[in-house]
Amino acid sequence: MTAAPVITYRLSIKETLRCHLISREPLIIISYGAPLGAPMQLGPFLTDRKAYFLMGNWWSLLDERLLAQTRQLYSLMTDMYPLHRYIFLTNDPQEDKVLESHGLPHYHCHHNAFLDERLFHPIPGVAKTMDAVYTARLSHFKRHILARRIPSWGLVYYYMPGPRDAQDSYLRSLTRAMPGMIPLNADPRTGQYRLLSPREINKTYNAARVGLCLSEKEGGNYATTEYQLAGLPVVSTPSQGGRDLFLDPEISRIVPPSATAVAKAVAELVRLKIPPREIRLRALLRIREMRQDFIRLVGGIIAREGRADTFAEDFDKVFVHKMHTHPGTPENFLAAHGLLPGQERRSA
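Worth saying up front: this structure is predicted, and the values here are computed from it rather than measured.

J.: In this structure, what is going on with the pairing of strand β4 (residues 84-90)? I would like to understand it.
T.: When you tally the buried positions in β4, you get 6 out of 7 residues, the bulk of the element. Here 6 bridges tie strand β3 (residues 51-57) to β4, and the two strands are oriented parallel to one another. Opposite Y52, over in β4, you have R85 as the bridge partner. As for the winding sense of the linkage, the β-α-β connection from β3 through helix α2 (residues 64-80) to β4 is right-handed. Of the strand pairs in this sheet, β4 and strand β5 (residues 106-108) are connected by 3 bridges, and their pairing is parallel. Bridge pairing in β5 places L89 opposite Y107. As a crossover connection, the stretch from β4 through helix α3 (residues 93-101) into β5 is right-handed.

J.: Could you clarify how one ought to interpret the sheet that holds β3 in this entry?
T.: Backbone-to-backbone hydrogen bonds pair the strands of a sheet. The strands run either parallel or antiparallel. On the basis of which strands lie adjacent, the open sheet formed by 5 strands has the order β1-β2-β3-β4-β5 and mixed pairing. In this open sheet, the two strands that pair with only one neighbour each are β1 (19-23) and β5. Direction aside, the axes of adjacent strands within the sheet are offset by 25° on average. On the sheet, α3 packs against β4 and β5 and is oriented at approximately 165° with respect to β5. On the sheet, helix α8 (residues 276-304) packs against β1, β2 (27-33), β3, β4 and β5 and is oriented at approximately 160° with respect to β3.

J.: Whenever I open this one, the sheet that holds strand β9 (residues 208-213) confuses me. Can you help?
T.: The parallel open sheet is built from 6 strands, whose spatial order is β8-β7-β6-β9-β10-β11. One side of each edge strand has no neighbouring strand; the edge strands of this open sheet are β8 (181-183) and β11 (252-254). With strand direction ignored, the average angle separating the axes of adjacent strands in the sheet is 25°. Where strand β6 (residues 130-135) and strand β7 (residues 153-156) come together, 4 bridges link them in parallel fashion. Within β7, the position partnered with A132 by the bridge is W153. Of the strands in this sheet, β6, β9, β10 (234-236) and β11 are in contact with helix α7 (residues 259-272), which crosses β9 at around 145°.

J.: Would you explain the packing of helix α6 (residues 222-229) against α8 in this entry?
T.: Two packed helices can be described by the angle between their axes and the distance between those axes. Where α6 meets α8, the closest approach of the two axes is 7 Å, and the angle between their N-to-C directions is 130°. It follows from the interaxial angle that α6 and α8 lie oblique. On α8, the residues that touch T225, Q228 and L229 of α6 are I279, R280, A283, L284 and I287. Its residues placed into classes, the contact of α6 with α8 shows 5 nonpolar, 2 polar and 1 charged.

J.: Can you help me understand the side chain of N57 in this one?
T.: Looking at the element boundaries, N57 is found in strand β3. Apart from residues no more than four positions distant in its own chain, N57 is found in contact with Y32, G33, A34, P35, F88, L89, N91 and H111.

J.: Whenever I open this one, unusual backbone geometry confuses me. Can you help?
T.: For residues that are not glycine, phi is negative in most cases, and the peptide bond is trans in most cases. Put simply, E25 and P26 share a cis peptide bond, and its omega is -5°. Inspection of the secondary structure assignment puts P26 in the loop between β1 and β2. The backbone phi angle of N221 is positive, close to 65°, even though this residue is not glycine. Considering the arrangement of structural elements, one finds N221 in the loop between β9 and α6. Phi at K273 is positive, roughly 50°, even though this residue is not glycine. You can see K273 is positioned in the loop between α7 and α8. Accessibility expressed as a relative area gives 70% for K273, which makes it exposed.

J.: Honestly, the environment of N91 in this entry has me stumped. Any pointers?
T.: With respect to the helices and strands, the residue N91 is situated in the loop between β4 and α3. Overall, the relative accessible area of 4% leaves N91 in the buried class. Each C-alpha atom of the pair N91 and L61 lies 9.0 Å from the other, and the pair is 30 residues apart in sequence. In this structure N91 touches N57, H108, C109, H110, H111, G219, G220, G241, G242 and L245, once residues within four positions along its chain are discounted. In this structure the side chain of N91 is engaged in a polar contact, spanning 3.4 Å, whose partner is the backbone oxygen of N57.

J.: Looking at this structure, I do not really get the state of the cysteines. What am I missing?
T.: Disulfide: a covalent bond connecting the sulfur atoms of a pair of cysteines. Following the criterion strictly, the structure yields 0 disulfides and no others. We note that C19 lacks a disulfide partner, and the nearest cysteine sulfur, in C109, lies 16 Å from it. Given the relative accessible area of 0%, C19 is considered buried.

J.: Help me out: how do you make sense of the nonpolar core in this one?
T.: Considering soluble globular proteins, one finds that nonpolar side chains tend to be buried as a cluster. Judged by nonpolar contacts, the single largest core of 56 residues is most densely connected at I150, W153, Y205, L212, Y227, V235 and V262. Counting residues per element, this core draws most heavily on α7, which supplies 6 residues. Here V262 is in contact with L146, I150, L212, L214, V235, V255 and P256, once residues within four sequence places are set aside. L17, C19, L46 and Y86 belong to the second-largest nonpolar core, a separate cluster that totals 29 residues.

J.: So what exactly am I meant to see when it comes to α8 here?
T.: Think of an α-helix as 3.6 residues a turn; residues three or four steps apart then line up on the same face. Compared with an ideal rise of 1.5 Å per residue, which puts 29 residues at 42 Å, α8 spans 42 Å between its outermost C-alpha atoms and is within 8% of the ideal. Remark: G306 follows α8 within two positions and exhibits a positive phi of approximately 80°.

The rules we used
- Residues numbered from 1 in each chain as written.
- Predicted model: local features only at pLDDT ≥ 70, side-chain atom pairs only at ≥ 80, totals over all residues.
- Heavy atoms only, no water.
- Buried < 20%, exposed > 50% of the residue type's maximum accessible area, 1.4 Å probe, protein only.
- Helix = DSSP H or I, 4+ residues; strand = E, 2+ residues; numbered from the N terminus.
- Pairing = 2+ DSSP bridges.
- Right-handed = clockwise from strand over helix to strand, strands pointing away.
- Axes fitted to C-alpha atoms, helices over the stretch in contact; angles between N-to-C directions.
- Contact = heavy atoms within 4.5 Å.
- Parallel < 35°, antiparallel > 145°, perpendicular 65-115°, else oblique.
- Nonpolar A, V, L, I, M, F, W, Y, C, P; charged D, E, K, R; others polar.
- Polar contact = N/O pair within 3.5 Å; in protein donor to acceptor, adjacent residues only side chain to side chain.
- Disulfide = S-S within 2.5 Å.
- Core = buried A, V, L, I, M, F, W, Y, C linked by side-chain atoms within 4.5 Å.
- Expected span 1.5 Å × (residues − 1).

That is the geometry; function is a separate question.
Given below as structure tokens:
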């Protein structure tokens, strides 16, 4: 009987395992989160099996500290698991250049390509009650204060794991500084915080006229494309991380990081009254192009391993929202797919 390997790495409470099985033969797993975080958890169970890990990140790999950590972990993992192959999925073309210069395997595939377009869409007849909406966690780098000159805007937010005191304090400071800000997570009956579902978030988008993206540096930023799928034009500041790939100049504005510039751009886009269907169509076209690139990547791996490449036909069956689930532990994920060591033998 094959014993389960010793767990050598477990992500912290701030970093949950998020991955999805793309193919069993050959074994291809896509993951998001910390660089090499999922492979480090799953690797000990798959030591004797060839596996491909396609790894997306939620923070820009142009960040020098993150890049240094990524290089160290990549070196460690390639030494520990010679049968495993790692490909970094990038959101920003500049990331590809940097990874190439350091000899790290990469493929340009923006994570917004994996938003489920059925979750975010225009809803006919919803009254526009807010000039803008901003989906952003309660962190200073999101620069919420740049929205202070917008007469009426809604904030969709979520808490990071751990104590909430500092985050609550930050939210109170925003509320005091911006009377026009509407915290949209408050339960209408109790006033207590609640995490909104994608369907509820889509409804809040439809009650706004413009979507906001105000950080200077982060990752690919899902909200940029969620807004557009819901039919909203977007106001952004210059940024690092890749969201500008979805910022078509005909349906968005990139403005200097000042409250006056942000408010002026919002007012301009409100006046233009761009048809929501046109905005959504442009986002869908970009998503389709990027998904086709991903299909070519996976198809190439399958063909290299001597298998018939049917991934283009199978993509819709494999696809899930954001291309990851929340299995909790590597054991849960692998067991769900019959990949734990000895599992196939026991079930035979």
